[in-house]
Amino acid sequence: MPEMPEVQGLVRFLGERAVGRTITRTSVGAIAALKTFDPPITALHGEPITAAHRRGKFVVLSCGPGLHLVFHLAKAGWLRWYELLPTTLIKPGKSPIALRIALDDDSGFDLTEAGTKKSLAVSVVRDPAEVAGIARLGPDPLDESFDRDTFAALLTGRRTQIKGLLRDQSVIAGIGNAYSDEILHAARLSPYAIAATLSDSEIDELFGAMRRTLTDAVAEASGKPPADLKDAKRAGFRVHARRGETCPVCGDTVRSVFFADRSLEYCPTCQTGGKILADRRLSRLLK
């Protein structure tokens with residue numbers, strides 16, 4: 001799933017390449033991906049793209065006076081950019097293309113989604129806050145106003161595992177499964193640690209790890225075209241998606257815990273005092 005750094009990379013790319021261009025045509029390939037009908041998506045035709053922003057994991061393209069194209073790439077979505085946009089007809093339901101945007105210099109982009117579970121979401125709104133996912137977002141962890149004390153206040157009284165809290169978009173916007181693994185490894189914290197029980201020193205370490213991990217990832221994504229962002233993301237991981245590999249900090253073996261639709265990765269030596277966390281798949285098989 002694209003998370004804050006990759007989405008920020010997309011926003012910067014679109015800011016450099018698409019802002020200032022006019023939308024000439026839109027083609028919807030997946031009707032279910034379009035979540036709004038008023039204004040219609042055709043209202044974007046003839047409108048200039050005036051700005052590109054990120055809200056959590058959402059991309060917001062401001063178009064003309066009071067129109068915004070908002071999209072969330074969900075788990076398997078991506079943006080494919082073309083300097084010369086294909087002219088082939090998009091047949092709904094016959095390709096992974098959910099939406100095609102054509103620009104006035106013959107460039108443009110497709111929003112695509114792989115797999116059978118379709119969650120990519122596109123909205124055309126007069127105010128980004130009309131999108132429910134944006135309206136419920138918590139603070140951005142890289143915002144200048146988001147300091148250590150603000151972060152500590154979010155943890156107070158929460159009897160929630162820290163891994164889940166970091167991924168909760170209503171608490172902190174933009175962090176997903178991958179970067180929560182990386183942040184917790186950098187902070188040397190178990191993913192199962194309870195947020196409300198963290199000591200002041202653990203909060204200090206976690207806040208610093210979060211800011212460093214995300215800042216470095218955003219810097220790595222900056223300036224890269226969309227086609228290169230996924231590989232750049234994977235290359236920077238220390239534990240996420242590296243099950244069975246060697247921890248670069250201590251040399252222990254990176255382990256996984258599997259859930260229904262995802263997994264988490266961690267280093268036992270760095271994060272859990274050497275304890276191997278139970279694999280949920282194995283636990284179900286043994287019942």
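Residues numbered from 1 in each chain as written. Predicted model: local features only at pLDDT ≥ 70, side-chain atom pairs only at ≥ 80, totals over all residues. Heavy atoms only, no water.

Visitor: What am I meant to see in the sheet that holds strand β6 (residues 97-103) here?
Guide: Across the sheet, which stays open at both edges, the four strands sit in the order β1-β6-β7-β5 with antiparallel pairing between neighbours. The open sheet has two edge strands with one neighbour each: β1 (23-28) and β5 (77-82). When the angles between neighbouring strand axes are averaged without regard to direction, this sheet yields 15°. (Pairing = 2+ DSSP bridges. Helix = DSSP H or I, 4+ residues; strand = E, 2+ residues; numbered from the N terminus. Axes fitted to C-alpha atoms, helices over the stretch in contact; angles between N-to-C directions.)

Visitor: How should the nonpolar core be read in this particular structure?
Guide: Note that soluble globular proteins tend to have their nonpolar side chains buried in a common cluster. Among the nonpolar cores identified, the biggest contains 33 residues, and Leu-14, Leu-61, Leu-69, Phe-71 and Leu-111 are the most heavily contacted of them. Mapped by element, the contributors of at least two residues to this core are α1 (4-17), β2 (49-55), β3 (58-63), β4 (68-72), β5, β6, β7 (108-113) and β8 (121-125). Membership of the second largest hydrophobic core comes to 30 residues, among which are Phe-146, Ala-187, Ala-193 and Val-218. (Core = buried A, V, L, I, M, F, W, Y, C linked by side-chain atoms within 4.5 Å. Buried < 20%, exposed > 50% of the residue type's maximum accessible area, 1.4 Å probe, protein only.)

Visitor: For this particular structure, what's the right way to read the packing of aromatic side chains?
Guide: The way to describe two aromatic rings as a pair is by their centre distance and the angle between their planes. This model, assessed by the stated rule, comprises seven aromatic pairs. Considering the side-chain rings of Phe-151 and Phe-207, the 5.9 Å spacing of their centres and the 40° angle between planes classify their relative orientation as tilted. Placement of the pair is Phe-151 in helix α3 (residues 148-155) and Phe-207 in helix α6 (residues 200-221), with a sequence separation of 56 residues. No difference in accessibility class separates Phe-151 from Phe-207, as the two residues are buried. Grouped by ring-pair contacts, the aromatic residues Phe-13, Phe-71, Trp-81 and Phe-109 constitute a single cluster. Stacked on the ring of Phe-259, the Lys or Arg Arg-262 has its end atom at 4.5 Å from the ring centre. (Phe/Tyr/Trp six-rings, centres within 6.5 Å; stacked < 30°, edge-to-face > 60°. Lys NZ or Arg CZ within 6 Å of the ring centre and 35° of its normal.)

Visitor: What should I look at first to understand the pattern of salt bridges in this one?
Guide: Side chains that differ in charge, positive against negative, can pair when their charged atoms come close. Taken as a whole and judged by the stated rule, the model has 16 salt bridges. The closest approach of N and O atoms between Arg-17 and Asp-105, which form a salt bridge, is 3.1 Å. Taken together, the positions of Arg-17 in helix α1 and Asp-105 in the loop between β6 and β7 put the pair 88 residues apart, joining distant regions of the chain. The class for Asp-105 is partly exposed, based on a relative accessible area of 26%. Residues Asp-231 and Arg-234 are paired through a salt bridge, measuring 3.0 Å at the closest nitrogen-oxygen approach. Of this pair, Asp-231 and Arg-234 both sit in helix α7 (residues 226-235), separated by three residues, roughly a single helical turn. We classify Arg-234 as partly exposed; its relative accessible area is 48%. A cluster of three or more residues bridged by salt bridges with shared partners is formed by Arg-17, Arg-21, Glu-83, Asp-104 and Asp-105. (Salt bridge = Lys/Arg side-chain N within 4 Å of Asp/Glu carboxyl O.)

Visitor: What is the right way to look at the sheet that holds β4 in this model?
Guide: In sheet architecture, strand pairing relies on hydrogen bonds along the backbone and comes in two forms, parallel and antiparallel. In spatial order, the strands read β2-β3-β4-β8; together these four strands make up an open sheet with antiparallel pairing. With one partner strand each, in any of the chains shown, β2 and β8 form the two edges of the open sheet. On average, each strand axis in the sheet is inclined to that of its neighbour by 15°, with strand direction left out of account. Packing of α1 onto the sheet brings it into contact with β2, β3 and β4, and relative to β2 it is tilted by some 170°. (Contact = heavy atoms within 4.5 Å.)

Visitor: Help me out: how do you make sense of the state of the cysteines in this one?
Guide: By definition, a disulfide links two cysteine residues through a covalent bond between their sulfur atoms. Using the criterion set out here, one finds zero disulfides in the structure. For the unlinked cysteine Cys-247, the closest cysteine sulfur is that of Cys-267, found at 3.7 Å. Of the cysteine sulfurs around Cys-270, a residue in no disulfide, the closest is that of Cys-267, at 3.7 Å. The buried category is assigned to Cys-270, whose relative accessible area is 5%. (Disulfide = S-S within 2.5 Å.)

Visitor: Quick question: what am I supposed to make of unusual backbone geometry here?
Guide: Backbone phi values are negative for most residues with the exception of glycine, while trans is the configuration of most peptide bonds. Residues Asp-38 and Pro-39 are joined by a peptide bond in cis, for which omega reads 5°. By the secondary structure assignment, Pro-39 is in the loop between β1 and β2. Although it is not a glycine, Arg-188 adopts a positive phi angle of roughly 60°. Residue position: Arg-188 is located in the loop between α5 (177-187) and α6.

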